Amino acid sequence: MNTFNFNSVPNIISGPGKINELSNICLKNQIFKPLVITDSGIKEQGYVKILENIFSKKNIDASIFDEVKADPPEKNIFDAVYIAKKKKCDAIIGLGGGSSMDVAKAVSYFAINDKNIKDCYGVGKLTLKRMPLIQIPTTAGTGSEVTNIAIFTLESEQKMGIVDPLLYADHVILDANLTLNLPNTITAYSGIDAMVHAIEAYTTKLKKNPISDSLAKEALYLLGKNIKIVHREPNNIKARESMLLGSTLAGMAFTNAPCAGVHALAYPVGALFKVPHGLSNSLVLTEVIKFNANFAESMYLEIAGLCIPELKNKKIHINDFIDGIDNLIRDLKIPNKLKEVGVNHNDIPKLAEDAMKQERLLINNPVKIEYKNAVNIYEAIL
Ligand SMILES: [Fe+2]
């Protein structure tokens, strides 16, 4: 067995209603003036009010930054840093999907470190320390609550990541009640994103390890079994709990055994055509699996029955797995052609060019993806 490193967050509190423990966590850690980082949609759904009620009972003076945008720009970080400094906040709380939690990670660092963000992109570039950080996901997908990665969109539309152990949160609260209001499309997109995290972690080339493998398998068991149920029955709290836990386990897996070709090819589609992250992953998923199949077939077959419960305990071929994923995407009513999100034939060279810039991800793919391969993959799903 190869040597490996595995890191994760030190404290996860899981269960419906556990959001009520937030004030106790704060007080125990001498947090009296947290800054909550979220988006306007989360605020409209009443979740900010829930936090404010929890805080007011314990005289915790929270500030709110609710301007996080999808695929967050760097501006979101520095607008929130301004508030954190002005209000003399003593902790950062991310509340929402991956965008809010990624901004929260960066704010916890830049609010107390006078660094140029351009020097921080890449792996292991952060130094010193960050503010206390609590993450509370309201979607079951990104796994951002347990990852050490924060992704931002530059003005050039390129996505850049800060990856550093310093970005692991101190505390994570998984309360499935906060995922009950998710619209069906977001439930489907984010559920597929979580599955992609586990699939890519399990098949990753350089840092595959037994702990991430175990987490990825359990994640796929939970996600595969429940993704169609939550799509059909949005108020099924048991299924929502399983999806949230599955998403977190997938996050713990891929932060140690990183994502690869699916994410590399999905990012340009997301950035250039403003496509939600889970949808862009879903669009390229089956074609990347086909491309990888010759090199990763045995690994895909090991997880096929977990991803697609109908394939469990059956003698299957790689095509059964690919068809199963295809059918799942159709059952969830997710678009499966690039044209459906506005991509034309002429856009493909630019998409492939940008995909090649995702070196951080491409090096993890089971087989090398070159420019012409990326073009062919995009052509196949046009
Ligand atoms: Fe993702």
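Residues numbered from 1 in each chain as written. Predicted model: local features only at pLDDT ≥ 70, side-chain atom pairs only at ≥ 80, totals over all residues.

Q: Is there a simple way to explain the packing of helix H10 (residues 277-307) against helix H14 (residues 371-380) in this structure?
A: The geometry of a pair of packed helices is captured by two quantities: the angle between their axes and the separation between those axes. Interaxial distance between H10 and H14 falls to 9 Å at its minimum, and their mutual angle equals 130°. On the basis of their axis angle, the class for H10 and H14 is oblique. Remark: the crossing between H10 and H14 carries right-handed chirality. Mapping the contact onto sequence places Val284, Glu287, Val288 and Phe291 in H10 and Asn373, Ile377 and Ala380 in H14. In terms of residue class, the contact of H10 with H14 is made up of 5 nonpolar, 1 polar and 1 charged. (Axes fitted to C-alpha atoms, helices over the stretch in contact; angles between N-to-C directions. Helix = DSSP H or I, 4+ residues; strand = E, 2+ residues; numbered from the N terminus. Parallel < 35°, antiparallel > 145°, perpendicular 65-115°, else oblique. Left-handed = near helix turned anticlockwise from the far one by under 90°. Contact = placed C-beta atoms within 7 Å. Nonpolar A, V, L, I, M, F, W, Y, C, P; charged D, E, K, R; others polar.)

Q: Which parts of the structure should I look at to understand helix H9 (residues 261-273)?
A: Two residues of an α-helix separated by three or four positions point the same way, owing to the 3.6 residues in each turn. Across its 13 residues, H9 extends 19 Å between first and last C-alpha, which sits within 8% of the 18 Å expected from 1.5 Å per residue. Counting buried positions over the 13 residues of H9 gives 11, a clear majority of the element. Buried within H9 are the following residues: Gly261, Val262, His263, Ala264, Leu265, Ala266, Tyr267, Pro268, Val269, Gly270 and Ala271. Positioned one or two residues after H9, lysine 274 has a phi angle of 50°, which is positive. (Expected span 1.5 Å × (residues − 1). Buried ≥ 20, exposed ≤ 12 C-beta atoms within 10 Å, placed from the backbone.)

Q: How do you make sense of the environment of proline 16 when you look at a structure like this?
A: One can find proline 16 in the loop between strand S1 (12-14) and helix H1 (22-28). Take proline 16: there are 17 C-beta atoms within 10 Å of it, and that puts it in the partly exposed class. Those residues in contact with proline 16, other than ones at most four positions away along the chain, are Asp175, Ala176, Asn177, Ile237 and Glu241.

Q: Quick question: what am I supposed to make of the sheet that holds strand S4 (residues 91-96) here?
A: Backbone hydrogen bonds hold the strands of a sheet together, and the pairing may be parallel or antiparallel. A sheet is described by the order of its strands in space; here 6 strands give the open sequence S1-S9-S6-S4-S2-S3, paired in parallel fashion. Here the strands that pair on one side only, and so sit at the sheet edges, are S1 and strand S3 (63-65). Taken over all neighbouring pairs, the strand axes of this sheet differ in orientation by 20° on average, direction set aside. The pairing of S1 with strand S9 (residues 171-174) spans 3 bridges and is classified as parallel. (Pairing = 2+ DSSP bridges.)

Q: Teacher, can you tell me more about unusual backbone geometry here?
A: Excluding glycine, most residues fall at negative phi; most peptide bonds, likewise, are trans. Here the phi dihedral of aspartate 71 falls at roughly 45°; this positive angle occurs in a residue that is not glycine. Within the fold, aspartate 71 resides in the loop between S3 and helix H4 (74-86). What makes aspartate 71 partly exposed here is the crowd of 19 C-beta atoms within 10 Å. For lysine 333, which is not glycine, the phi torsion reads 60° and is therefore positive. Along the polypeptide, lysine 333 turns up in the loop between helix H11 (318-331) and helix H12 (348-356).

Q: Is there a simple way to think about the sheet that holds strand S8 (residues 159-163) in this case?
A: Strand order across the open sheet formed by 3 strands is S5-S8-S7, with mixed pairing between neighbours. Every interior strand has two partners, whereas the edge strands, strand S5 (122-123) and strand S7 (149-153), have only one. Direction of pairing for S7 relative to S8: antiparallel, over a ladder of 5 bridges. When the bridges of S8 are listed, alanine 150 appears paired with isoleucine 162.

Q: Which parts of the structure should I look at to understand the pairing of strand S6 (residues 133-137)?
A: Successive side chains on a regular strand alternate, one facing one side of the sheet and the next facing the other. In terms of burial, S6 is a largely internal element, 5 of the 5 residues being buried. Neither face of S6 is open: one carries Leu133, Gln135 and Pro137, the other Ile134 and Ile136, and all of them are buried. Relative to S6, S4 runs parallel, the two sharing 5 bridges. Across the sheet, glycine 96 pairs through a bridge with proline 137, a residue of S6. Relative to S9, S6 runs parallel, the two being bridged by 2 bridges. In the sheet register, isoleucine 134 faces S9, and the bridge partner there is histidine 171.

Q: Where do I start with the domain arrangement of the chain in this structure?
A: For interface size, the figure often reported is the accessible area lost on association. For the chain, the assigned domains read domain 1 (12-178) and domain 2 (183-380). Computed over C-alpha atoms, the centres of domain 1 and domain 2 are 26 Å apart. Each partner contributes residues to the interface: domain 1 has 23 residues there, and domain 2 has 28 residues. Looking at the side of domain 1 that touches domain 2, the elements with two or more residues in it are S7 and S8. Here the residues of the side of domain 1 that touches domain 2 are counted per class, giving 7 nonpolar, 12 polar and 4 charged. (Domains from an automatic or database assignment.)

Q: Help me understand helix H3 (residues 47-56) in this model?
A: Of all the residues in H3, the buried ones are Tyr47, Val48 and Leu51. End-on view of H3: buried residues confined to an arc of 105°, all on one side of the axis. Exposed residues lying more than 90 degrees from the buried face of H3 are Lys49, Asn53 and Ser56. Buried-residue contacts for H3 involve H1, strand S2 (34-37), helix H2 (40-44), S3 and S4. (Arc of directions from axis to C-beta.)

Q: Is there a simple way to think about the nonpolar core in this case?
A: Burial of nonpolar side chains together is a common tendency in soluble globular proteins. Formed by 125 residues in total, the largest nonpolar core has its most connected members in Ile37, Ile92, Val107, Ala198, Ala219, Leu220 and Ala253. Per-element tally for this core: the top contributor is H10, with 13 residues. When residues of this core are assigned to domains, at least three map to each of domain 1 (12-178) and domain 2 (183-380). With residues near it in sequence (within four places) discarded, alanine 198 still touches Ala216, Ala219, Leu220, Leu223, Ala250 and Ala253. (Core = buried A, V, L, I, M, F, W, Y, C linked by C-beta atoms within 7 Å.)

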